[in-house]
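Spelled out, the chains give:
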Amino acid sequence: MTDPQPRPSWAKRLAREPLFVFLLLGLAVFLVERSVAGRFPDNDAIVVDELQLDRLQKLWQTQTRRAPTEQELDALVQDFVREEVLYREALRLGLDRDDTIIRRRLAQKMGFLLDDTAEISEPSDADLEGYFEANLDRYLEPRRTSFRHVYVRRDRDGGEDAALRFAQQLEGDDDEWRGLGDPFMLQREYAERSDAELGELFGQNFVRALAEAPLGRWSAPVASAYGHHAVQVVSRREAHDPGFTAARSRVRDDYLIDERRDITGAAYDKIRATYDVVYEASEAGED
């Protein structure tokens, strides 16, 4: 017996083509629609075979971590039959048509299919380095600041002046800084916090003032969303390029996400080109 002929290379390429897969799915949907045109005759059988029973039991075990009893399995079967009966009747009555939720769900599943059929090659370091350089802003390490502060509440009379006095007092001896000021709901000192993190905690005005505060000295008054502060910047590390090696893992993830989006977008464009879309302007103003 002779060996079968190897599959032609064009067939392999065709099988990987998203548009071809989509057309096959369209044909399958068409055939299903044709098959349900008479849609499930009255004597159509609902078969509960061993494969279906096994699926129901495994689903039960996944959810409960034990095998179903005989009564529980019978209830599972009856639930399956009920769902199948109602599903078929819904199709018979055309309830699947012109339903926004169903349309969106099917469109979503088609999107997943396009994602699954997108073949993405592992990028080389040259590819990733080029991507890194082209998108350097994504990978810059943000400025990080370590500081301590004395808080003066907003409704305190002379709050700004009080914060200034605390800063002047601490210039000579800052050992007592923890005991000064009003109680504060957050921390009194922070280490290595980014501008974004501090902005969420104190507001952008505080972040801008903190960036201009001298290193190692007490400054005041610095306004925040809570009130006024005497602030000492302990350390500041400015935003910087981390280098490709340190960022490589993030760069690879982002590269693959962008590649998948581009390939999926191209596949959609091919499918979109097979449709004639007619935009009919509404005739506004007519009686």
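So, here is what we can say about the structure in this document. Position numbers for residues start from 1 in each chain and track the written sequence from start to end. Predicted model: local features are reported for residues with pLDDT of at least 70 only, side-chain atom pairs are reported and counted for 80 or more only, and whole-chain, interface and lining totals are derived from all residues. Heavy atoms from the whole structure form the basis of all side-chain values; hydrogens and water molecules are not counted.

We now examine helix H4 (residues 70-92). Look at H4: 33 Å from first C-alpha to last across 23 residues, which is about the 33 Å you get at 1.5 Å a residue. Accessible area is worked out with a 1.4 Å probe on protein chains only. A residue is then buried under 20% of its type maximum, exposed over 50%, and partly exposed in between. In this description a helix means any DSSP run of H or I spanning at least four residues, a strand means any run of E spanning at least two, and both kinds are numbered starting from the N terminus. Buried residues of H4: Leu73, Leu76, Val77, Phe80, Glu84, Arg88 and Leu91, and no others. We call two residues in contact whenever any of their non-hydrogen atoms come within 4.5 Å of each other. Taken together, the buried residues of H4 touch helix H3 (50-64). The positive-phi residue at the C-terminal boundary of H4 is Gly94, with phi of around 75 degrees. What a helix should span is 1.5 Å times the count of its residues minus one.

Right, let's talk about the side chain of Thr145 for a bit. Relative to the elements of secondary structure, Thr145 occurs in strand S1 (residues 144-153). With residues up to four places along the chain from it excluded, the contact list for Thr145 reads Tyr190, Ala191, Glu192, Arg193, Leu198, Leu210, Val233, Ser235 and Arg236.

The strands making up a sheet associate through hydrogen bonds between their backbones, and the pairing can be parallel or antiparallel. Here, a strand pair is defined by DSSP locating no fewer than two bridges between the strands. Strand order in this open sheet of 4 strands is S2-S1-S4-S3, and the pairing throughout is antiparallel. On the outer flanks of this sheet lie strand S2 (189-194) and strand S3 (218-223), each paired with one strand and no other. Mean inter-strand twist for the sheet, computed between neighbouring axes without regard to direction, equals 40 degrees. As paired strands, S3 and strand S4 (residues 227-237) are joined by 4 bridges and run antiparallel to one another. Of the residues in S4, the one forming a bridge with Val222 is His229. To define axes, lines are fitted to C-alpha atoms, for helices over the stretch in contact only, and angles between the resulting N-to-C directions are given on a 0 to 180 degree scale. Contacts from helix H9 (residues 195-202) reach S1, S2 and S4, with the element oriented near 125 degrees to S2. On the sheet, helix H10 (residues 204-212) packs against S1, S3 and S4 and is oriented at approximately 50 degrees with respect to S4.

Moving on, we get to the packing of helix H6 (residues 125-134) against helix H11 (residues 244-272). Between two packed helices, what matters for the description is the angle formed by their axes and the separation of those axes. H11 packs onto H6 with a crossing angle of 90 degrees between their chain directions and a minimal axis gap of 9 Å. In terms of orientation, H6 lies roughly perpendicular with respect to H11. Residue-level inspection shows Asp125, Asp127, Leu128, Glu129, Tyr131 and Phe132 of H6 in contact with H11, the latter providing Phe244, Ala247, Arg248, Val251, Arg252, Asp254, Tyr255 and Asp258. Basically, the charged four are Asp, Glu, Lys and Arg, the nonpolar ten are Ala, Val, Leu, Ile, Met, Phe, Trp, Tyr, Cys and Pro, and anything else, Gly included, counts as polar. Split into classes, the residues belonging to the contact of H6 with H11 amount to 7 nonpolar, no polar and 7 charged. Just so you know how the angles are binned, under 35 degrees is roughly parallel, over 145 roughly antiparallel, 65 to 115 roughly perpendicular, and the rest oblique.

This next bit is on unusual backbone geometry. The bulk of non-glycine residues show a negative phi, and the bulk of peptide bonds are trans. At the junction of Ala220 and Pro221, the peptide bond is cis and its omega measures out at -10 degrees in the coordinates. Among the secondary structure elements, Pro221 is positioned in strand S3. The residue Arg65 is not glycine, and still its phi comes out positive at about 65 degrees. Note on placement: Arg65 falls in the loop between H3 and H4.

Our focus in this paragraph is the pattern of salt bridges. Just to be clear on terms, a salt bridge is a Lys or Arg side-chain nitrogen sitting within 4 Å of an Asp or Glu carboxyl oxygen. Tallied over the full model, the rule gives 18 salt bridges. Two residues, Arg248 and Asp125, come together in a salt bridge whose shortest N-O distance is 2.7 Å. With a gap of 123 residues between them, Arg248 in helix H11 and Asp125 in helix H6 connect regions that are remote in the sequence. Glu197 is the partner of Arg144 in a salt bridge, and the nearest nitrogen-oxygen pair spans 3.7 Å. With Arg144 in strand S1 and Glu197 in helix H9, this pair connects stretches of sequence that are 53 residues apart. Judged by its relative accessible area of 33%, Glu197 is partly exposed. Overlapping salt bridges bring together Arg138, Asp254, Asp258 and Arg261 as one network.

Two aromatic rings, drawn from Phe, Tyr or Trp (for Trp, its six-membered ring), form a pair once their centres lie within 6.5 Å of each other, and the interplanar angle then sorts them: stacked below 30 degrees, edge-to-face above 60, tilted otherwise. For the structure on display, the rule yields 13 aromatic pairs. Ring centres of Tyr131 and Tyr255 lie 5.6 Å apart, and the angle between their planes is 80 degrees; this geometry places the pair in the edge-to-face category. Here the residue Tyr131 occupies a position in helix H6, and Tyr255 occupies one in helix H11, the gap between them amounting to 124 residues. The class of Tyr255 is buried, set by a relative accessible area of 14%. Ring centres of Phe147 and Phe206 lie 5.7 Å apart, and the angle between their planes is 55 degrees; on these two criteria the pair is classed as tilted.

Our focus in this paragraph is the pairing of S4. One ladder, built from 10 bridges, connects S1 with S4; its direction is antiparallel. Note on S4: the bridge partner recorded for Ser146 is Ser235.

It is worth stressing that arrangement in space is one thing and function is another; only the former is reported here.
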